[in-house]
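# Coordinates in review
Here is what each chain is made of, one letter per residue.
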Amino acid sequence: MEFPVDVALAELVPQLPTGPRWWYEVKLDGHRTVLWRLAETVRLQARSGRDVTTPWMDLAVAGMALPPGVVLDGEAVVVVDGRVSFEAAQARAASSPARSRELAARHPALLIVWDVLSLPTGDVRGRPYEERRALMLDMVAGLPEGSPIQAVSATEDVEVARVWYETLTGSGVEGVVAKSGRSPYRAGRSSSWKKVRHAETIDAEVVGFTGAAGRPRALAVRLPDGRVALSQRLGAQLASQVAAALVAVAPAARGRAAGGESFTAVESGLLVEVLAGTTRHAVVTVTRVR
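Keep in mind that this is a model prediction, so the values were computed, not measured. (Residues numbered from 1 in each chain as written. Predicted model: local features only at pLDDT ≥ 70, side-chain atom pairs only at ≥ 80, totals over all residues. Heavy atoms only, no water.)

Attention now moves to the overall build of the protein. Of the regular secondary structure elements, the protein holds six helices and 20 strands. On C-alpha atoms alone, the protein measures out to a radius of gyration of 21 Å, which is about the 19 Å that the 2.2 N^0.38 rule sets for 290 residues. If one aligns the C-alpha atoms of the protein with their principal axes, the spans along those axes are about 65 × 45 × 40 Å. Classification of the 290 residues of the protein by burial places 50% in the buried group. Of the contacts made within the protein by residues no fewer than 6 positions apart, 67% connect residues no fewer than 24 positions apart. Of the roughly 13700 Å² that the protein leaves accessible, carbon and sulfur atoms contribute 51%. (Helix = DSSP H or I, 4+ residues; strand = E, 2+ residues; numbered from the N terminus. Rg over C-alpha atoms; globule rule 2.2 N^0.38 Å. Buried < 20%, exposed > 50% of the residue type's maximum accessible area, 1.4 Å probe, protein only. Contact = heavy atoms within 4.5 Å. Areas by Shrake-Rupley, 256 points an atom, 1.4 Å probe, with all protein chains shown as cover.)

Shown next as C-alpha cells:
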C-alpha cells in the first residue's frame, strides 16, 4: 500500500438493512482519518488523501505504539462536555501547529477505529469485514491502557443498533453504519456499506439530471442556500417518477454542481424532498418527489 489510500464509503439509506451477517456500528460526527504506522513514524490522512498529521499530532504520537505496517481507518473526534463536537474537530483540523497543541491540551482527540487495511504481514483489505474487525480489535487491545485509539462500538443485533440510533444523539452519535460481514474493504461508495443518519428533510428544486431523461441516474438540485448539488444515485422507483416529469421538458445547456460535476440542465419546476443532514458536503439523498 502507498500513501494515501482511497477510502471506502457507505451509501446513505433511509433505514437500516436487516438479515444474516449484517453488522452495525455507531457513526460519530468527526473527521475521517486513516492512521499509517510506518517504519519510523506515523502519518495521518484525511478522506481526501491530504496529510493531516500536524493538527492531530496527539493521535500520531499514540499511533507509535502500534507495530510498523499497520494501517487503521476511523474517525478523529473531539469530546467537549461529554459530547462529540464536530465544531471542535473542525477547529482542530483547521488549526496551525501551535494552535493545535493548545486545543489538544484542552480537549484531547480520540481516534475511533472501525477497520484495519494493513498489518505487518501485508494488505488485508480483501478479507471479509468480520475477519478484519477481529484483527482490528486485536490491534487496539494491544495498545497501552488509556490510549486515545479505540475501537468503534458494533453489534450484530439490529434492535440494539436501533436503540443506539434513537437514544445516543445527545452524545454526538449522528447515525448508524451497517456493513455486510462478507464485504471486503473496497474504495469508493459500496452497496455493502450503508448508513442511516439523523436528519430532517427539506425541499429542493430539480435543475438537472445525469444519464438520460427517461432513465435519470442522479438529480441536480438547488439547495436552500443556493448551492447546486448532485444527488446520490436514484432508486428505480424514484427514477421512474422523476423521468415522467423530465421527458416533458426540453433540456437546456450543460450545468455544473458545487462539487464540479456536470449535468444536463432543465427547467422542470419539479420539487423533491431531500435529507437535510446529507447536504453538508454538497451530496444529497432524494427521499421522494413532492
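Below, the discussion takes up the pattern of salt bridges. Within the structure shown, the criterion is met by twelve salt bridges. For Arg-32, the salt bridge identified is with Asp-73, shortest N-O distance 2.7 Å. With Arg-32 in strand S3 (residues 31–37) and Asp-73 in strand S5 (residues 71–80), the pair connects residues that are 41 residues apart, well separated along the chain. In terms of burial, Arg-32 and Asp-73 fall into one category: buried. The salt bridge partner of Arg-92 is Asp-58, with a shortest N-O separation of 2.9 Å. Residue Arg-92 is located in helix H2 (residues 86–93), and its partner Asp-58 is located in helix H1 (residues 57–63); the two are separated by 34 residues in the primary sequence. For Arg-92, a relative accessible area of 1% translates into the label buried. (Salt bridge = Lys/Arg side-chain N within 4 Å of Asp/Glu carboxyl O.)

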